[in-house]
Amino acid sequence: MTRQSVGDLTTRRKQIRSVFSPSPGRKNNPSDALVLFGATDDLAYKKIFPALHSMIRRGVLNVPIIGVAQAGWTIDQLRDRVKASLAEHGGVVNQGVFERMVELLQYIDGDYNDPAVFTQIREAIGAAACPACYLAVPPGLFPTVVESIGRSGFANNARVIVEKPFGHNLAAARDLNRTLRTVFPEPSVYRIDRYLGKDAVENLLFFRFANTFIEPTWNRNYVENIQITMAEDCGVDGRGRSYDETGTIRDMVQNSILQLVALLAMAPPENMDAESLRDEQAKIFHAISPLEPSNLVRGQFRGYRDEPGVAPDSQVETFAALRLAIRSWRWAGVPFLIRAGKSLPVTATEVIVTLRKPPLGNITGRSYFRFRLGPDLSLSLGALVKKPGLDRTAMPVELSMVNKPQDEVAAYEQLLTDAMNGDAMLFMRDDQAETAWAIVAPILDNDTPVHQYDPGTWGPEQANRLTADVGGWLDLDRDYAKGIAATRRKKS
C-alpha cells in the first residue's frame, strides 16, 4: 500500500478550533479555580494530575487547585501522590512546573456529606467567580456531592465536570440530570468522556466538513456500509468487580461508540459552533432505531469468570457486536456494524466507510474511507488503480493524510482545558445522554445468550451473521493495528 503523510496535529488542532467554536453570542469566562473531588483516587493519579501538569507547562492553568477526598490524608501526602503520579504517568516532568503545581495545590479532607467540608471549600475558593468542580468520584457519589455543592453557596456561575458512566440506565440518567439541574444550569454541565478528547475525533469532524469532495458521497447513494471496531487486547485488569456491574454495552457502546456514530452520520451543522454541532448529533440519536436483541451478539472471553470479583456464573458481556439502522433520508438502508470488547487480538479503534461497487463486472475490490482513531491516528482513502504490467487488473492503494501516535493524557488535557474555558463542543448534552440510554435500553440486562470466545480472537463466531450480507467483518491483525497491513477474516 502507498502512504503519504501530511500535516501536523498541533497545527491541525488550531485550524479545527478556528472553525468549530463556542456558540455565537455566548461569553465564556474561564474558570478561576478548580475543585477536584476524588483527589486521592486512581483517576486523578493516572490521568488528571498529568493533565494538570501539562496545562501548567503550556501556561493555560494558573488558578488554585483544591483537592477534596475522604481519605484521612494531609497536604504533604497529596503532594507525594502528585509527584508519584507524574513520575509514573506524566512523561518528562519539568521541576519548575511541578513546583508551581504544588504552590497552586490545596487539600481538604472529610466526608462529602459534612457541611463543614464544603464551608472549607468555599473559603479556599476565595474570590473566585467561576470555579470548576470536577467530580472524579464513583457515580454513586455524584448526587451527594452535587447536592452538597448546592447547599454550600458556591455553585453560582460555577461549572461541574462529570465523569462517565453517566448513569447505569435511562432511569438513572434522568435522575442524575434532575439532580444536576437543581444546582447547575445545563450550559454549566460538562459530561466528560476521554475518548472524545482525542485529536482523532476533531480531525474526523474537520475532515468531513472542511473538504467539499466528502459531502456529495456521504450518503446512501455511495456508502454501502459502515463498520466500527473498538477493540482492546487486555482483559479487565483487576477491575473484575466493577466491570461485572457494567459490561461492554454500558462501558463502550452507550457512550463512546454512539457518539462516534453521531459524528459519522450527522448532517453538516447550520453554524460551526458547539451548540449547532450538538443539535445535529442529537438528531442522529433520535433517528437511530432502538436496538433489538436479534441484532445483538454478546460474548465473554474464557477466563473472565476466574477474575477476582466476577461472579462464577456471570452473564456479563466482555464483547458486543450489533447492527443498527438510522431512520433518515441520508442513511436509509445503510447498516452501521459495530463490535467492541476486551481480550481481542489488538488494541485499536477504527472506522471503515465502504463505498458501493461501481457497475463494472470485472472490478472486485471496493473504495473506502478509513479512520483509525487509536492507538495511532490515520485518516485514509482506499482506492483501486491499475496493477503494473500487461494485465488490466485492479490493485488497492491507500493514501494516508494524517498518521501520528495518540496520547491518552493529551485527551484529558484537552477536555479539562475546554471545560474550564466553557467550550462544550466535545461534551454530551443532557438530551443526548438520555437518548443514548434509550437506544440501548432494549438490549440491557436481557437474556441474549453470552457466547464464549478464546482470548486473542475476534469474539464469538456467532457475530459473523451480522455482517454476512456485506462480506464479513474487516479485521485488524497485530501488524495492522500499527498501521502496516490489513486482513479480512476468512470464512469458516
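You'll find the structure just up there.
An account of the accompanying structure is given in this report. (Residues numbered from 1 in each chain as written. Predicted model: local features only at pLDDT ≥ 70, side-chain atom pairs only at ≥ 80, totals over all residues. Heavy atoms only, no water.)

**Overview of the overall build of the chain**
Then step 1. Within the chain, the secondary structure is distributed over 14 helices and 17 strands.
Then step 2. Residues classed as buried in the chain amount to 55% of the 492 residues present.
Then step 3. A fraction of 77% describes how many contacts in the chain between residues 6 or more apart in sequence connect residues 24 or more apart.
Then step 4. When the accessible surface of the chain is split by element, carbon and sulfur atoms take 51% of a total near 20900 Å². (Helix = DSSP H or I, 4+ residues; strand = E, 2+ residues; numbered from the N terminus. Buried < 20%, exposed > 50% of the residue type's maximum accessible area, 1.4 Å probe, protein only. Contact = heavy atoms within 4.5 Å. Areas by Shrake-Rupley, 256 points an atom, 1.4 Å probe, with all protein chains shown as cover.)

**Here's the deal with the packing of aromatic side chains**
Then step 1. Tallying each qualifying case throughout the model produces 13 aromatic pairs.
Then step 2. With a centroid separation of 6.4 Å and an interplanar angle of 75°, the aromatic rings of Tyr-243 and Tyr-304 are classed as edge-to-face. With Tyr-243 in helix α9 (residues 240-243) and Tyr-304 in the loop between β8 (296-301) and β9 (319-324), this pair connects stretches of sequence that are 61 residues apart.
Then step 3. With a centroid separation of 5.7 Å and 75° between ring planes, the pair formed by Phe-301 and Tyr-304 is classed as edge-to-face.
Then step 4. The exposure class of Phe-301 is buried, given its relative accessible area of 5%.
Then step 5. Members of the aromatic cluster, joined through ring pairs, are Phe-207, Phe-213, Trp-218, Phe-369 and Phe-371. (Phe/Tyr/Trp six-rings, centres within 6.5 Å; stacked < 30°, edge-to-face > 60°.)

**Observations regarding the pattern of salt bridges**
Then step 1. This structure, assessed with the given rule, holds 25 salt bridges.
Then step 2. A salt bridge links Arg-429 to Asp-279; the shortest N-O distance between them is 2.8 Å. With Arg-429 in the loop between α12 (408-421) and α13 (430-440) and Asp-279 in helix α11 (residues 274-287), this residue pair connects regions lying 150 residues apart in the sequence.
Then step 3. Of the residues examined, Arg-429 reaches a relative accessible area of 9% and is grouped as buried.
Then step 4. Here Asp-279 falls in the partly exposed class, since its relative accessible area comes to 34%.
Then step 5. Between Arg-372 and Asp-376 there is a salt bridge, and its shortest N-O distance comes to 3.6 Å. For the pair formed by Arg-372 and Asp-376, the shared burial category is buried.
Then step 6. Residues participating in the shared-partner salt-bridge network are Glu-275, Arg-278, Asp-279, Arg-429 and Asp-431. (Salt bridge = Lys/Arg side-chain N within 4 Å of Asp/Glu carboxyl O.)

**Observations regarding the side chain of Ser-152**
Then step 1. Mapping Ser-152 onto the fold places it in helix α6 (residues 142-152).
Then step 2. Residue Ser-152 is classed as buried on the basis of its relative accessible area, which comes to 9%.
Then step 3. Apart from residues no more than four positions distant in its own chain, Ser-152 is found in contact with Phe-118 and Arg-122.

**Digging into unusual backbone geometry**
Then step 1. Cis peptide bonds are those with omega within 30 degrees of zero, and the linkage from Gly-374 to Pro-375 qualifies with 0°.
Then step 2. On the secondary structure map, Pro-375 appears in the loop between β12 (368-374) and β13 (376-386).
Then step 3. At Asn-157, a residue that is not glycine, the phi angle is positive and equals roughly 65°.
Then step 4. With respect to the helices, strands and loops of the structure, Asn-157 is situated in the loop between α6 and β5 (159-163).
Then step 5. By relative accessible area, Asn-157 is classed as exposed at 61%.
Then step 6. For Asp-237, which is not a glycine, the phi torsion comes out positive at approximately 50°.

**Considering the nonpolar core**
Then step 1. Counting 130 residues, the largest nonpolar core has Phe-37, Leu-52, Ile-121, Tyr-134, Ile-326 and Phe-371 as its most contacted members.
Then step 2. If one sorts the elements of this core by residue count, helix α10 (residues 247-265) sits on top with 11 residues.
Then step 3. Excluding residues that lie within four positions of it along the chain, Ile-121 makes contacts with Val-35, Phe-37, Val-68, Ile-108 and Phe-154.
Then step 4. Within the second largest apolar cluster, 20 residues are counted, among which are Tyr-243, Tyr-304, Val-316 and Val-346. (Core = buried A, V, L, I, M, F, W, Y, C linked by side-chain atoms within 4.5 Å.)

**Side note on the environment of Ser-54**
Then step 1. Along the chain, Ser-54 turns up in helix α2 (residues 42-58).
Then step 2. Between the C-alpha atom of Ser-54 and that of Glu-413, which follows or precedes it by 359 residues, the distance is 7.0 Å.

**Let's talk about empty space enclosed by the protein**
Then step 1. Applying the stated criterion to the full structure yields 3 cavities of 30 Å³ or more.
Then step 2. Along its surface, the largest cavity is lined by Lys-164, Pro-165, Phe-166, Arg-191, Ile-192, Asp-193, Leu-196, Gln-254, Asn-255, Gln-259, Met-428 and Ala-433.
Then step 3. Where the lining of the largest cavity is concerned, the elements lending two or more residues are β6 (189-192) and α10.
Then step 4. With 3 residues, the top contributor of residues to the lining of the largest cavity is α10.
Then step 5. In this structure, the second largest cavity encloses a volume near 70 Å³.
Then step 6. Elements represented by at least two residues in the lining of the second largest cavity include exactly α8 (199-209) and α10.
Then step 7. Looking at the lining of the second largest cavity residue by residue, the classes come out as 7 nonpolar, 2 polar and no charged. (1 Å grid on protein atoms, 1.4 Å probe; cavity = no way out; pocket = protein on both sides within 12 Å on 5 of 7 lines; lining within 4 Å. Points joined across faces, edges and corners; volume = space filled by probe spheres on them. Nonpolar A, V, L, I, M, F, W, Y, C, P; charged D, E, K, R; others polar.)

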